[in-house]
Amino acid sequence: MGGRFLSIGECMVELSQAGEGLLRKGFAGDTFNTAWYARACLPAEWSVDYFTVLGDDPLSSEMLTFMKAGGIGTEAIRRIEGRTPGLYLITLRNGERTFSYWRDTAAAKKLADDADHLRRSLEAADILYFSGITLGILAPEAVETLLAELRRARAAGKRVVFDPNIRPRLWPGKDYMLRTIEAGARAANLVLPSFDDETAHFGDATIAETIARYHALGVENVVVKNGAEGATLSFGGGTSHVPAVGVQNVVDTTSAGDSFNGGFLSRLVRGASPEDAAAYGAAVAAVVVGHHGALINPALLPS
Ligand code: ADP
């Protein structure tokens, strides 16, 4: 039986170095990356849709064409006159990637401004996915609108999944950031944090502390990702560990967590055990970290 997966957030224009002063254009963003991998891993009877707001400019049109070509539904995407998408540039400095962003006026910041449209879109989905980045780009009133609708969806029995993806530079201050991440988690019944973010910003000494903190907020199920150390699952009261898949040559860890989430959720929603779903998520992420770029060709992914 199929269903509908809806991912909510911001997809940006990505510019990366193509040599000789040229830039290569792509499209990516954490919640979009997860939609991409969920689409790649789910069978055709599942639809995967993206929820954001774009402008009426040519780049917004190109982004929509790219999404559709990837099999991702775009019917829920509103467009606003005179706006443009956010953009980021990847530069290499001594082999290290650095990111510069132009996203302060991105159309996606308006994604919760039409509450009726938001509600209808959420009602049409079976599983909803959002992140701390989705919340970080929004004004406080818009955060409230989005979380109220997600809480409503959760109360109606839908799966609501949150990846805290903590990015301090999106937020006006640390206290507000941590309080809003906690509010995001409270709206969800499954949270997928990365341990390095949680320890850096919430000060957790152990994965067990991260799990306990999210359960204390009322989250039923938690999966803590920890890079090459694998993932720790706390589902239905029991804890288990699923190792990462060994990778000989890690070339680019961009999107490791996003692709894990897409692979993991694609199995979980179809009834796999959390452990089997996490093993598949790890297999997907292992392929992704072995290739350049946030979005890799779906044909390369494990079946
Ligand atoms: P994030 O990208 O959100 O920081 P992690 O780095 O924790 O997420 O990685 C998410 C998942 O990707 C891990 O649980 C693991 O399965 C896989 N992964 C990440 N880094 C590696 C690696 N070096 N080798 C193999 N798998 C990895």
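Refer to the structure printed above.
What you see is a predicted model; the values in this text were computed from it and never measured. (Residues numbered from 1 in each chain as written. Predicted model: local features only at pLDDT ≥ 70, side-chain atom pairs only at ≥ 80, totals over all residues. Heavy atoms only, no water.)

Chemist: Explanation requested: the overall build of the chain in the structure shown.
Modeler: Looking only at helices and strands, the chain features ten helices and 14 strands. Relative to the compact-globule value of 19 Å for 303 residues, the chain shows a C-alpha radius of gyration of 18 Å, a close match. Principal-axis analysis of the C-alpha atoms places the extent of the chain at approximately 50 × 45 × 45 Å. Scored against the burial criterion, the 303 residues of the chain give a buried share of 54%. (Helix = DSSP H or I, 4+ residues; strand = E, 2+ residues; numbered from the N terminus. Rg over C-alpha atoms; globule rule 2.2 N^0.38 Å. Buried < 20%, exposed > 50% of the residue type's maximum accessible area, 1.4 Å probe, protein only.)

Chemist: What is the right way to look at the pairing of strand 12 (residues 221–225) in this model?
Modeler: Regular strands show a simple pattern: their side chains alternate between the two faces of the sheet. In terms of residue burial, strand 12 counts as a mostly covered element, since five of its five residues are buried. Because side chains alternate across strand 12, one face comprises the buried residues N221, V223 and K225, and the other comprises V222 and V224, equally buried. Examined bridge by bridge, strand 11 (residues 190–191) and strand 12 share two bridges and lie parallel to one another. Bridging from a neighbouring strand, V191 pairs with V222 of strand 12. Across four bridges, strand 12 lies against strand 13 (residues 231–235) in antiparallel orientation. (Pairing = 2+ DSSP bridges.)

Chemist: Help me out: how do you make sense of the site of the ligand in this one?
Modeler: In the neighbourhood of the ligand, 15 residues make up the surrounding shell, with S194, G227, V245, G257 and A285 lying closest. In the environment of the ligand, an oxygen atom lies 3.5 Å from a nitrogen or oxygen atom belonging to the backbone of N226. At a separation of 2.9 Å, an oxygen atom of the ligand approaches a polar backbone atom of G257. Its atoms largely coinciding with the cavity grid, the ligand occupies the largest pocket. Counting only elements with at least two residues in the shell around the ligand, the list comes to helix 9 (256–268) and helix 10 (274–289). Broken down by element, the residue count for the shell around the ligand peaks at three residues, all from helix 9. In terms of residue class, the shell around the ligand is made up of nine nonpolar, five polar and one charged. (Near = heavy atom within 4 Å. Polar contact = N/O pair within 3.5 Å; in protein donor to acceptor, adjacent residues only side chain to side chain. 1 Å grid on protein atoms, 1.4 Å probe; cavity = no way out; pocket = protein on both sides within 12 Å on 5 of 7 lines; lining within 4 Å. Sits in = over half its atoms within 2 Å of the grid points. Nonpolar A, V, L, I, M, F, W, Y, C, P; charged D, E, K, R; others polar.)

Chemist: Quick question: what am I supposed to make of the nonpolar core here?
Modeler: Grouped burial of nonpolar side chains is what soluble globular proteins tend to show. In this structure, L190, V223, F264 and L265 are the most contacted members of the largest nonpolar core, which totals 53 residues. Top element by residues in this core is helix 10. It accounts for eight residues. If near-sequence neighbours (up to four positions away) are discounted, V223 is found in contact with L190, V191, L192, P193, A231, T232, L233, F235, F260 and F264. Counting 46 residues, the second largest nonpolar core, distinct from the first, contains F51, A112, F130 and A187. (Core = buried A, V, L, I, M, F, W, Y, C linked by side-chain atoms within 4.5 Å. Contact = heavy atoms within 4.5 Å.)

Chemist: Can you walk me through the layout of surface pockets in this structure?
Modeler: Over the atoms rolls a probe the size of a water molecule, and its path tells where empty space is left. Here the largest pocket is characterised by a volume of approximately 1,400 Å³. Broken down by secondary-structure element, the contributors of at least two residues to the lining of the largest pocket are strand 2 (12–17), helix 1 (30–41), strand 7 (87–93), strand 8 (96–102), helix 7 (195–202), helix 9 and helix 10. With five residues, the single largest contributor to the lining of the largest pocket is helix 10. Split by residue class, the lining of the largest pocket holds 23 nonpolar, 13 polar and 14 charged. Roughly 270 Å³ of internal volume is contained in the second largest pocket. Sorting the residues of the lining of the second largest pocket by element identifies strand 2 and strand 7 as the ones contributing at least two each. (Points joined across faces, edges and corners; volume = space filled by probe spheres on them.)

Chemist: How should I be thinking about the sheet that holds strand 11 in this particular structure?
Modeler: Note on sheets: strands pair through backbone hydrogen bonds, and any given pair is parallel or antiparallel. Strand order in the open sheet formed by eight strands is 4-1-9-10-11-12-13-14, with mixed pairing between adjacent strands. The open sheet has two edge strands with one neighbour each: strand 4 (46–51) and strand 14 (238–242). When strand 1 (residues 3–8) meets strand 4, the two strands line up parallel, connected through six bridges. Across the sheet, I8 pairs through a bridge with F51, a residue of strand 4. Helix 5 (residues 140–155) contacts strand 1, strand 9 (127–131) and strand 10 (159–163) of the sheet and is inclined by roughly 150 degrees relative to strand 9. (Axes fitted to C-alpha atoms, helices over the stretch in contact; angles between N-to-C directions.)

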